[in-house]
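For reference, the chains in residue letters:
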Amino acid sequence: KEDIFYYIYGLFHCEDYRQRYADNLTKELPRIPRVKSIEDFWAFSQAGRELAELHINYESVEMFPAKVDITGSPVGYRVEKMKFGGRGKHKDQTTIIYNSQITVSGIPLEAYDYVVNGKSAIDWVMERQCVKTDKASGIVNDANDWAIETMNNPKYPLELLLRVITVSVKTLEI
């Protein structure tokens, strides 16, 4: 049963599968095709295991070795809203401005090809790791508070961004 689960997990991450069934995946439950050989089954099952390990333990993978430029002292890790480098239509996805002191560059463009629920995993992090006030309730969602109070690490949003870049790149490799 476990091998079948990982086979399906691996299959769902296969680019050929997602392209072939793209129209159906938006309208109905996914199809689970059988592969032609046992070797293919084990290849998908093994890939699924590796992907599951990577995705479950995303907070402990190595941080992507992007260039992190820090200006000023003391360093402030507080994030308000991350944004891409460049301007307007010429945004530079290889660079993310974390805050006024920290810029992350050298992000491979292919990392944005790992998509979760219609959006790249990196975009999800950029959208969620910020300070945002809900208009209806007035409740402030502050990723910095959570990083300090729960994770005991004010660098958590930055480290999460770098780890998700690693997860994205490795997912595509697998």
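Summary of the structure given here. What you see is a predicted model, and the numbers here were worked out from it, not measured in a lab.

1. So, a nonpolar patch on the surface
A cluster of nonpolar side chains, Val68, Ile70 and Val75, forms an exposed patch at the surface whose accessible area comes to about 190 Å². You can see valine 68 is positioned in strand E1 (residues 67–70). Overall, valine 68 belongs to the partly exposed group, its relative accessible area being 31%.

2. A closer look at the packing of helix H5 (residues 121–128) against helix H7 (residues 156–173)
One can describe the packing of H5 onto H7 by two numbers: an axis separation of 9 Å at closest approach and a directional angle of 165°. Relative to H7, the element H5 lies roughly antiparallel. For the element pair H5 and H7, the recorded crossing hand is right-handed. In this structure, H5 contributes Ala121, Ile122 and Val125 to the contact, and H7 contributes Leu160, Leu161, Val164, Ile165 and Ser168. Looking at the contact of H5 with H7 residue by residue, the classes come out as seven nonpolar, one polar and no charged.

Basis of the calculations
Residues numbered from 1 in each chain as written. Predicted model: local features only at pLDDT ≥ 70, side-chain atom pairs only at ≥ 80, totals over all residues. Heavy atoms only, no water. Patch = residues over 30% accessible without salt bridge, like charges linked within 9 Å, V, L, I, M, F, W, Y side chains within 5 Å. Areas by Shrake-Rupley, 256 points an atom, 1.4 Å probe, with all protein chains shown as cover. Salt bridge = Lys/Arg side-chain N within 4 Å of Asp/Glu carboxyl O. Helix = DSSP H or I, 4+ residues; strand = E, 2+ residues; numbered from the N terminus. Buried < 20%, exposed > 50% of the residue type's maximum accessible area, 1.4 Å probe, protein only. Axes fitted to C-alpha atoms, helices over the stretch in contact; angles between N-to-C directions. Parallel < 35°, antiparallel > 145°, perpendicular 65-115°, else oblique. Left-handed = near helix turned anticlockwise from the far one by under 90°. Contact = heavy atoms within 4.5 Å. Nonpolar A, V, L, I, M, F, W, Y, C, P; charged D, E, K, R; others polar.

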